[in-house]
Every structure is written in C-alpha cells, then in structure tokens.
Amino acid sequence: TVQEQVDRMNDIVGYQLQRAAASGSTTLGQQRIEITGLVKSLIDSLQKVYADKQLVCALQSPQPLYYRAEKGDLMEIFGNLLDNAFKWSRHRIEVVLEANYSPALKKSGLRFIIDDDGHGISADDAQRVMQRGQRADEKIVGHGIGLSVVCELVELAQGTISIGSSELGGAKISIELPPR
C-alpha cells in the first residue's frame, strides 16, 4: 500500500513536471477515457490507504461512461477530490458520475459530484480553499495545493466547480466539464 502511494506520488510529480516543461500545450486533450473504471480504481487505492477509517464509499455511475480528456488531468481532478473526501470523511462518501448531454452540440459533458460526512467547508472558506496554499484546517497534513490544481484544470477545460454542504453533513463538491 505504501509503495502504491509512493508510485502514485512519483507519477503525479512526473506528470506536473511534464506539464510545466510543455507549458503552452492544452490540457484535457482528445483521448477517449472510460471514467467509471478510472474512478473505481482510485477509490480502491484510497480504500487501502485509509483502511483504518473503515469508510464506505458508494459510487453511482452508468457503466461504461466515456469522456474525451487528458487522462493525467482527470487523475489529478478525481484523485485530489477523492483523497480529500477520504481524509475528511468520518464514515461515508458518495460519488456520482454522469453524462450531461447537450442537445445543441449532440455531445455529452461530464458531471462529478462527491459528498462526504466530514465537518464540511464553510461558505466563508469555500472560495479561499480553492486558492494555492490555502487550507481550511491546519491540523491535518497537507499543503493546500490539491484543490487549487483541481480548480486550475477545471478552469482550463472551461468547466465549473462548486463547493457546498452535503446532505451527509460534510462537503459537497460538484464539477461540470463541457461536452467534447
């Protein structure tokens, strides 16, 4: 489990260095990615990392669900948001993946919603935590970079991100990515 996480961190660092070296290239390219399997594999890895918390993570998604994107960018988005949910959740996480079809474009975008039963993010903190280096709670290990990277990637894709309150009692983060 530790080696999996070290490998994942190395992949993330390598990917970010590649992106920096190729600055000016566009993100969220045109590779067709099967999203449900990607998210399931991230959840499986995080279940192992956070095994001591015995969290229940429910995934609701059509099988299969495809989206045209850069796989590394999607891994960053989903990985950071899922890791935050696992880190802050007390018992339960709910993830919804769905296509949001645009009749005008005759293509589907992607909607990703993650709810947890942690202590949540206040309305005052919601905007602040999306900025690089900002964190809502300094007691938990972290650098305040993950959510800002997610925001940058979603913005580059011309998508939207919102933070609100979950019916589970914690945070609800919703991402909409446009049709491609």
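### Observations concerning the pairing of strand β6 (residues 160-165)
Turning to step 1, where the next piece is worked out: Direction of pairing for β6 relative to strand β7 (residues 171-177): antiparallel, over a ladder of six bridges. Each residue of the ladder has a partner; that of Gly 164, found in β7, is Lys 172.

### Some thoughts on the environment of Lys 107
Turning to step 1, where the next piece is worked out: One can find Lys 107 in strand β5 (residues 107-116).
Turning to step 2, where the next piece is worked out: Setting aside its immediate chain neighbours within four residues, Lys 107 contacts Asn 100, Tyr 101, Ser 102, Pro 179 and Arg 180.

### Re the sheet that holds β7
Turning to step 1, where the next piece is worked out: Judged by pairing direction, the sheet is mixed, and its five strands sit side by side in the order β2-β4-β5-β7-β6 without closing on themselves. Every interior strand has two partners, whereas the edge strands, β2 (56-60) and β6, have only one. Direction aside, neighbouring strands of the sheet carry axes that sit 15 degrees apart on average.
Turning to step 2, where the next piece is worked out: Pairing geometry for β5 and β7, over six bridges, is antiparallel. Bridge pairing in β7 places Leu 110 opposite Leu 177.
Turning to step 3, where the next piece is worked out: Its contacts with the sheet place helix α3 (residues 71-88) against β2, β4 (92-102), β5 and β7, and it is angled at close to 20 degrees to β5.

### Details of the pairing of strand β3 (residues 66-69)
Turning to step 1, where the next piece is worked out: Only one face of β3 is buried, namely the one carrying Tyr 67 and Ala 69, since none of Tyr 66 and Arg 68 on the opposite face is buried.
Turning to step 2, where the next piece is worked out: Of the strand pairs in this sheet, strand β1 (residues 31-34) and β3 are connected by four bridges, and their pairing is antiparallel. The residue of β3 that forms the bridge with Ile 33 is Tyr 67.

### Considering the confidence of the model for the chain
Turning to step 1, where the next piece is worked out: Here the chain shows a mean pLDDT of 83. Residues at 70 or above account for 78%.
Turning to step 2, where the next piece is worked out: When pLDDT is averaged over each helix and strand of the chain, the minimum, 68, is found for helix α1 (residues 2-21) and the maximum, 97, for β2.
Turning to step 3, where the next piece is worked out: Here residues 132-136 scores under 50 on pLDDT; set against residues more than four positions off or in separate chains, the count is 20 contacts.

### A short note on the side chain of Asn 100
Turning to step 1, where the next piece is worked out: Inspection of the secondary structure assignment puts Asn 100 in strand β4.
Turning to step 2, where the next piece is worked out: Residue Asn 100 is classed as buried on the basis of its relative accessible area, which comes to 15%.
Turning to step 3, where the next piece is worked out: Look past the residues within four positions of Asn 100 in its chain and what remains in contact with it is Lys 107, Ser 108, Gly 109, Leu 110, Arg 111, Glu 176 and Leu 177.

Basis of the calculations
Residues numbered from 1 in each chain as written. Predicted model: local features only at pLDDT ≥ 70, side-chain atom pairs only at ≥ 80, totals over all residues. Heavy atoms only, no water. Pairing = 2+ DSSP bridges. Helix = DSSP H or I, 4+ residues; strand = E, 2+ residues; numbered from the N terminus. Contact = heavy atoms within 4.5 Å. Axes fitted to C-alpha atoms, helices over the stretch in contact; angles between N-to-C directions. Buried < 20%, exposed > 50% of the residue type's maximum accessible area, 1.4 Å probe, protein only. pLDDT = per-residue confidence, 0-100.

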